[in-house]
Amino acid sequence: MRDHGGDLDRAMARYGDGDWLDLSTGINARPYPFPDLPARAWTALPTATEGAALVAAARAAYGAGQGVDCMPLAGAQAGIQLVPRLGVPQEARVVGPTYNEHAGALEAQGWRVTQVDAIADLKGAPLGVVVNPNNPDGRFWTPEDLIDLARHIGLLVVDESFADPVPEYSLVRYLDRLPDGIRIVVLRSFGKFYGLAGVRLGFALGAPALIDPMRRMAGPWAVSGPAIAAGVKALADRAWQEAMIGQLARDAVRMDALAEAAGWSLVGGTVLFRTYETGDAAAAQDRLAASRIWTRRFPYSDGWLRLGLPGPEADWARLEAALVPSLSRV
């Protein structure tokens, strides 16, 4: 299995058991209040009507036009694993460094994968992948830039797993107005922004000619009844979404101030995670792990450390005490 955040088993094996605060992912630590679910969500197979209600909620939340097909999946990860089967394996290029499952899923299906530094380097590729905003450095590209880029790529896959707080970056609202010949699939994650990663819910959006094959490959009941019920409620809750975007923006500023006080510099990120240059990521991770706070290092950088944002105030105090002890004593 490729390295990922959320690997608390590895943290405990190395540092011991305890009450761990897991900041190694970009999952919102202020989750949507999990709704009371009807009994049939657990006991019955989801109906077509229930599935259609989820699709309608996602289309409205993401701004999808009438010509855009929308397919629920068991997380954006399920879409990542289906994309390589949309064409005959040949060359694929991925803008990186980024989430490593894109390259891994493509290579597993026989694609020759090259990591490139800039979106311009995707031009001419049969398949190109962009994570927007990017994980872990927070780079982002405008919809106009990506649509122009797609003119020069066989299929452009845009992973918008962290786009909920920045809807202006999203390509979804443009998908039904693309010029002829442009092929784009957008992947969305539900669990990250809503803090309900365990329900395993995501979406693939694009032209029916691209989404229909993915739907056939995924088979019936691609998402669970509880995921459908939770998704319908959360995706329609505009008041919660707007309030959470503001809260996360304030939390990101607070996290950056703590990191600066610790002597770290901001590499980039989103309001769901922040990535810092620490000078020595192994030492920084060790120091926080001693306080049972887990973070994310990367094999391609000796200095980068990524942290999700704490939620409850007690967790903020715990991070501050471990990261900047002098502040905690004031």
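Cut-offs applied
- Residues numbered from 1 in each chain as written.
- Predicted model: local features only at pLDDT ≥ 70, side-chain atom pairs only at ≥ 80, totals over all residues.
- Heavy atoms only, no water.
- Phe/Tyr/Trp six-rings, centres within 6.5 Å; stacked < 30°, edge-to-face > 60°.
- Buried < 20%, exposed > 50% of the residue type's maximum accessible area, 1.4 Å probe, protein only.
- Lys NZ or Arg CZ within 6 Å of the ring centre and 35° of its normal.
- Pairing = 2+ DSSP bridges.
- Helix = DSSP H or I, 4+ residues; strand = E, 2+ residues; numbered from the N terminus.
- Axes fitted to C-alpha atoms, helices over the stretch in contact; angles between N-to-C directions.
- Contact = heavy atoms within 4.5 Å.

A. Structural view of the packing of aromatic side chains. For the structure shown, the criterion picks out 15 aromatic pairs. Between F190 and Y194 the ring centres are 4.6 Å apart and the planes differ by 15 degrees, which places this aromatic pair in the stacked class. With a relative accessible area of 1%, Y194 lands in the buried category. Here the aromatic rings of Y300 and W304 are separated by 6.1 Å at their centres, their planes lie at 85 degrees, and the arrangement is edge-to-face. A residue is classified by how much of its surface remains accessible, and Y300, at 40% relative accessible area, is partly exposed. Each residue in the set Y32, F190, F193, Y194 and W240 is aromatic and connected to the rest through ring pairs, giving one cluster. The cationic tip of R188 hangs over the ring face of Y62; the distance from NZ or CZ to the ring centre is 4.1 Å. The cationic tip of K192 hangs over the ring face of F162; the distance from NZ or CZ to the ring centre is 5.5 Å.

B. Fine view of the sheet that holds strand β4 (residues 112-116). Ordered by their spatial adjacency, seven strands build an open sheet running β2-β8-β7-β6-β5-β3-β4, and the pairing between neighbours is mixed. Looking along the sheet, the strands with just one partner apiece sit at the ends: β2 (69-73) and β4. Taken pair by pair, the neighbouring strands of this sheet meet at an average axis angle of 20 degrees, ignoring direction. Judged from the five bridges that link them, strand β5 (residues 127-131) and strand β6 (residues 155-159) form a sheet pairing that is parallel. If you follow V131 over to β6, its bridge partner there is D159. Here helix α3 (residues 48-62) sits on the sheet in contact with β2, β7 (184-189) and β8 (202-206), set at roughly 115 degrees to β2.

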